Structure formats: structure tokens, C-alpha cells
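Residue-level structure breakdown
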Amino acid sequence: MADIDEWNEADDALVRRAMATLRGDVETAPMPDVRFVKARGRALRRRRFLTVGAAAAAAVIVASGVGYAVWGPTADQSPVVPATRSTSSSSSASPSPTTTGSLGQAGPLPLLTEWSDTLGLPNGSRLTDQDPKSDDFRTFDCLTSVPNGLKQRQQITLDNGNFEGGQALFELGGGTDPSTVADQLVTDIEGCQQGPDFRATKRSESNGVTTLSFTAGDAGSGWWAVVTGPEAVTLINFTVSIESDAEYTEQQVAALGAIARERLERYGAGATATTSPSSPSSSTGATAAGPKAVNEKMPVSGPDPVPSSNLFVAASQWRDPLFYSGAKPSAASADPLASLAIVDCETDEQQAGIAGRVGVVAVQAGPDDYLIGKQRVRVFDDADADQLADADVTRVGELVMKGCTKGGNKVTAEAGPKPGTYLLTTKVTTEASGTMYQYVGVTRMNTPGGVSVVTFQGTGDGQGFQGTKAQGFAQLDRLLALARQK
Amino acid sequence: MSAQSAEAEFDAFYRDTSRRVVHLVYGFTGDLTVAQDSAQEAYAKAWQQWSTVRAADDPLSWVRTVARRIAISNWRKRTTQERAYTRHGTHDTTGPPTEDRVAIVAAMRELPDPVREAVALHYIGDLSIEQIAHETNTPAGTVKARLHRGRALLAQALTHEETDHG
């Protein structure tokens, strides 16, 4: 037994040096990428929900079956419980007809559906914008310098935590040769020293798309694609953890790169191609020319007499890859007791005080009838119907922009790029945590005295609408363009 | 706080603190692989409930405590884990052990658990006696005694080691 009274400052220094020796081991050991850590956290959260929240999830499914699911104003008691999802995987290795069609949807970077279809990612993947103000926005693995013109960054993740990726768009000035920038990116990646086990290899170079694979020891392996456009460059990469059984081929990555190239040519800086006006999912085409609205017989909830279902956007025309992975939508059954307050900050009391015939159609999709959105149509039939309708449009906009507190959670609002479009953000702090988003659009209709309100939801952890904010507003434009024709 | 800024905040937190946590758990367990895995799991749990953890007085203290608890559990599973690593063809991420490291780890392992914990928190975590007392829910006097004892035992063991190797 040591005599502890013999301790002195020399001993203190000795122990301190010894502990510092251990620090050397830590400094040379590879640390897992933060994206894997977060993915592991999300997987933990998902597992917890699936076990502890199984009963609540079942309740959500039942609620959505009658037309008003968890997002409804009267169901805010469990706002972030995920609905069950199919785990089946699309395994096509090249752009599918759906993917090819999705090119009509505007945007310079590949969409989630294009990532999913080309790489065969399972449902549950999420594509999120990175905040340009965040420290990480300009931080890139491997690059010796970040090219000028970094315009947009997005991150893609899977719930299982075994796949993490992202894409960045560099819009270059007219005096900068995109090929030179792309070559420098490739050189940086090939020469990357991320650790003793990191090794990157150029695999292909064709039509403005260079693919590189890499291995990083215990940190996993993955791919890069450097894509050159007319006046822009897209950088794509993803990492697969060593625990994953999934394998991604050069052909798959090249296919994703080809889509990125096509998008730069159509929608990137210096683009010369034009959007196909016939594309049904093109957000720009939809608002300019737009697909023709069709009629569909659908159940309408509300006090009798409700407006005809022909005044609503057909459920089939809600279909989009960003709503439940493009599953076929349908209208939910009518519920005579359903709330008319479909916007987060509205209440039934407010709605009860407004005149006119009014009804709501809830649109759902998937085998578990997942609620993807709602539309409310109100038709004023007084002599001053048009003035009342204009006032209703103004009322909705003002109410939304005020924000509110709902169920103890603060709801904040921002206006979209087009008149009548809004995004409500709810930071959930009671009973659960997370962020919910509600896109709200309001417009006059072709029917005299008619007003349409369209809403759909998303959450910070990827439930509901699966697109970025820009895509959300584009989606609103598309649906409002259909609503206006009614 | 938006989802994106929460992500950025967590990313910065992880980047700034994760090696310190690995170092701490490494000192506590003497096993770098267990330390890495325990730290990663602790940060994953922190992200899982980031809105709560970030609001805590000291998020790093939260992660440190969780990582130490996980490490104790993982240490018990180590033999099973090693079998799994072998089966999947992966390998320990630590390099070949130096004599110094072997001696330090061996000396640390001789310490009783509470003493080793106090030494690791003080010398690696840079925590004061009061902070250790708070984090381990132990009276400050007890922490002081454990530190004193651990320091002396370690110094004695390491001095012997240096003497034995000339």
C-alpha cells in the first residue's frame, strides 16, 4: 500500500504528464463524422418512438382514417409521433421514368426523389437545406479552399443512420471557368488526407461529371461526384457506414451526376434550356401556364350544405414525389364533426363567425392513409360576395402573419415569395420536442365569391412534406394555381 | 431555434468537445475503443434530446456523465464486442501500445473505480474538486481524499515503472 502522505508537487506533475500521454492516443485516433453521430441519435429516437409510442402511432393512423390526423388543430396532443412508413426500398440503379419526369420540377440541385431513385435509397430519407449563416455552411471535407459562389448546401440522411450525404451548388461569376473550378475540386479530393486510412480514387469522367470513390477505414466509405454546368458546379458526396450492407456502384453515382448536370443546364446559373411547359410537376410551369385542373368526386366535410367537391383541387392532382414519396393520394372520408380551422393559428370559434358555404377536403396517401394536406373552400353568396372573399383572403394572411401560441408551443410565421403564401413554424417544447412546419396558401377562385386555403405539413425530423422550403413554396404555387381555376 | 441552427450548434459542440470526452473515458477505462464508442453513443443520445441537453447548465457535463456510464456498461460487454469485431473484419482503432501508455493504463487500472474517476475528471477533464463533487454527487472532502490517494498511488506506480526501465 502506498503512503499517500508522501505525495508532492513532483508527483502531481508526473501524473499530469502521464495523462497527457493518453491525449496523444486520442489525438491520432479517428473521430466519427458528426453526421454519423446525429444519425445514430435519430435512430435511437426513432426506435424509442416505435416502441414507447406504438399505441400513439396507432391512434394517429385511426385519426387520419377519418380525415383529421395528428396535425389537425384538435389533435395537438401528440404532434411529433411519426406515422408508420413502408420500409420497402426502390432499387432501380438508373433514373426511372418518375425521376426523369421530376426534372420538370425546378431547382438546380437534384431532388430527394432523384437521389432515392438513382441510389435506391429506402423511404425515410430526408433532404434538408443547410443554414448559410451556420459555421458549417462553408466547411468541406478535403477541400484546400472553398470555391467562390457557394449558393446552396443540402444534407441528405437516412433514418437507419448508415448513410449521410450532401450536395453543394457553386454559382460562378462570368469570368470564372467552371471546368477549372471542377478540376480543382477533383484534385483536392484525390489528394485528400483525412486520416491514415482515407483514400480517394477517380472512377469516371464523362459529360461534365467526374465520379470518385473513397474509403475511410472505420469511418466508412463513399462517393463524390463533381458536376460541371454552364456557369456553376455541383459537388455531391455521400458516406456509407461500415455497418451498412448497401453497396453503391459507379453507374448509380454517375446517373445521379447526370441528373445534377441536367439540372444545372436547366436551372443553374447561365442556364440556356427552358422548362418543359407540359411537365405536370414543374413548379414554374404550373404557375405560368399550369396543368388543367380536373374534377373529382370527393367527400367534403363541413356544415350542410357544403360546397361541391368540384370546387376543390382533385386529390389525384396533389400527387407529387415530395408527398409520401409520390404515393397515389385520395380524399379522406367526410367527417361531419371535422374542424374547419385548418391553419395552425385558426380556431373553430373564428371560423364559426365567418359567413358563406364552407367545407374541407383532407387528402391522404399510402397504405396507412397518411395525411398529406387539406383544402378549405368557402363561397360567399351575398350581393357583396367578392368584397367578402377579398376580406377573407386578407383575414387569413393577417392572422397567419401574427403567429400564435398553440398547445403551449410558439408558432411563428413568414411570408413566402408569392402573395398569399406563408410558412408557419412551430417549435414544440411541450410533451415532446421538435419543429413542425405548415405551408399555407390562400387565393381567390374562379368561382365568384370563392376563397381557397391550402395547407400541408412537414416536421424537422422529416415527416410529412419531404422538400426544402423553396420546394414547399413551389408546391404551394402549384396547388394554388389549380385552386384558382375552380 | 430553427432545426438548422440546432444542427449547427450541435455540430460545433461535438467538434469542440468530443475529443476531450474520449480522452476522459480513455483515462477512466484504459481502453480507447471503448472510449470512442461510449463517447459516440453519449453524443448520439445528446442529439436525440438536444433541445433538453442544450438547455442544461453544462451540456458537456451531461455528455461526460452519460459517456462514463455507457463506458462502464460497454466495458462489461467488451469481450463479446471483440468477438463481433473479429467476425466483421474490423479492427481496434488504437495504434500499437507504447511502453508509456501500457504503464499508465496498468497503473490507472490498479486504482479503485471512484479514485480513478476522480483522477480522470481532475487531470483530464480539468474539473475542480467542487465540480467533481457536483458531477459525481459526492462530498467535496471525499473527492479531495480520493484525488490525493489516486495521485499518490499513480505517482508511486509510475515512478517504479521508470526505475524498472532505467
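In what follows, the structure referred to is the one given above.
Attention here is on the structure that accompanies the text. None of these values were measured; they are calculated from a predicted model. (Residues numbered from 1 in each chain as written. Chains lettered and ligands numbered in written order. Predicted model: local features only at pLDDT ≥ 70, side-chain atom pairs only at ≥ 80, totals over all residues.)

What to know about the overall build of chain B
Across its full length, chain B carries eight helices and zero strands. Of the regular secondary structure in chain B, the N- to C-terminal order runs α-α-α-α-α-α-α-α. The buried share among the 166 residues of chain B stands at 45%. The long-range share in chain B, meaning contacts at least 24 apart out of those at least 6 apart in sequence, stands at 67%. (Helix = DSSP H or I, 4+ residues; strand = E, 2+ residues; numbered from the N terminus. Buried ≥ 20, exposed ≤ 12 C-beta atoms within 10 Å, placed from the backbone. Contact = placed C-beta atoms within 7 Å.)

Thoughts on the overall build of chain A
Regarding its fold elements, chain A presents eleven helices and 15 strands. Per-residue burial for chain A yields a buried fraction of 50% across its 486 residues. In chain A, the share of contacts with a sequence separation of at least 24, taken over all contacts with a separation of at least 6, comes to 63%.

What about unusual backbone geometry?
Leave glycine aside and you will find that most residues have negative phi; peptide bonds, for their part, are mostly trans. All names here are of chain B. Although it is not a glycine, Asp-126 sits at a positive phi angle of roughly 55 degrees. Within the secondary structure layout, Asp-126 lies in the loop between helix H6 (113-123) and helix H7 (129-136). The class for Asp-126 is exposed, based on 10 C-beta atoms found within 10 Å. At Asn-137, a position not held by glycine, the phi torsion is positive, near 55 degrees.

Thoughts on the pairing of strand E15 (residues 450-459) of chain A
Residues and elements named next belong to chain A. Burial analysis of E15 places ten of its ten residues in the buried class, the great majority of the element. Here E15 shows two buried faces, one formed by Gly-450, Ser-452, Val-454, Phe-456 and Gly-458 and the other by Val-451, Val-453, Thr-455, Gln-457 and Thr-459. Bridging between strand E10 (residues 370-379) and E15 involves six bridges; their strand directions are antiparallel. Within E15, the residue paired with Val-379 across the bridge is Gly-450. Sheet topology note: the strand E14 (residues 434-444)/E15 ladder contains nine bridges and is antiparallel. (Pairing = 2+ DSSP bridges.)

Considerations on the nonpolar core
One finds A:Ala225, A:Val233, A:Leu256 and A:Ile372 to be the most contacted residues of the largest nonpolar core, which totals 100 residues. For this core, the element with the highest residue contribution is helix H7 (residues 250-267) of chain A, accounting for nine residues. Built from parts of two domains, this core gets at least three residues from each of domain 1 (107-267) and domain 2 (283-484) of chain A. Look past the residues within four positions of A:Leu256 in its chain and what remains in contact with it is A:Pro110, A:Glu114, A:Trp115, A:Thr118, A:Leu119, A:Ala225 and A:Ile236. Residues B:Trp50, B:Ile104, B:Ala107 and B:Leu154 belong to the second largest nonpolar core, which totals 57 residues. (Core = buried A, V, L, I, M, F, W, Y, C linked by C-beta atoms within 7 Å. Domains from an automatic or database assignment.)

Observations regarding the sheet that holds strand E6 (residues 221-228) of chain A
Residue and element names in this part refer to chain A. If you trace the seven strands from one edge of the open sheet to the other, you get E1-E2-E3-E7-E6-E5-E4, paired in antiparallel fashion. The outermost strands of the open sheet, each flanked by one partner alone, are strand E1 (126-129) and strand E4 (198-206). Strand-to-strand, the axes of this sheet are offset by a mean angle of 15 degrees, without reference to chain direction. Two strands pair when backbone bridges link them, and E1 and strand E2 (residues 150-157) are joined in this way by four bridges, in the antiparallel orientation. Opposite Asp-129, over in E2, you have Gln-154 as the bridge partner. Running over the sheet, H7 touches E4, strand E5 (209-216), E6 and strand E7 (232-240) and is turned about 30 degrees from E6. (Axes fitted to C-alpha atoms, helices over the stretch in contact; angles between N-to-C directions.)

Notes on the environment of A:Trp224
All names here are of chain A. Tracing the backbone through its elements, the reader meets Trp-224 in strand E6. The exposure class assigned to Trp-224 is buried, which follows from the 28 C-beta atoms found within 10 Å. The spacing of Trp-224 and Gly-166 is 58 residues in sequence and 9.7 Å in space, taken between C-alpha atoms. Once residues lying within four places of it in the same chain are set aside, the contact partners of Trp-224 are Ile-189, Leu-212, Phe-214, Ile-236 and Asn-237.

What to know about the packing of H6(B) against H7(B)
All names here are of chain B. Across the interface, H6 lies against H7 with an axial gap of 10 Å and an inter-helix angle of 130 degrees. Comparing their axes, H7 and H6 come out oblique. Here the hand of the crossing between H6 and H7 comes out right-handed. Contacts between H6 and H7 involve Glu-117, Ala-118, Leu-121 and His-122 from the first element and Ile-132, Glu-135 and Thr-136 from the second. Looking at the contact of H6 with H7 residue by residue, the classes come out as three nonpolar, two polar and two charged. (Parallel < 35°, antiparallel > 145°, perpendicular 65-115°, else oblique. Left-handed = near helix turned anticlockwise from the far one by under 90°. Nonpolar A, V, L, I, M, F, W, Y, C, P; charged D, E, K, R; others polar.)

Focus on the pairing of strand E9 (residues 357-365) of chain A
All names here are of chain A. Among the nine residues that make up E9, nine are buried, leaving the element largely enclosed by the rest of the structure. Side chains of E9 alternate between two faces, with Arg-357, Gly-359, Val-361, Val-363 and Ala-365 and Val-358, Val-360, Ala-362 and Gln-364 buried alike. In this structure, strand E8 (residues 329-331) lies alongside E9, joined through three bridges in antiparallel fashion. Within the sheet, the bridge partner assigned to Ser-330 lies in E9 and is Gln-364. Judged from the nine bridges that link them, E9 and E10 form a sheet pairing that is antiparallel. Considered in E10, the bridge of Gln-364 is made with Leu-371.

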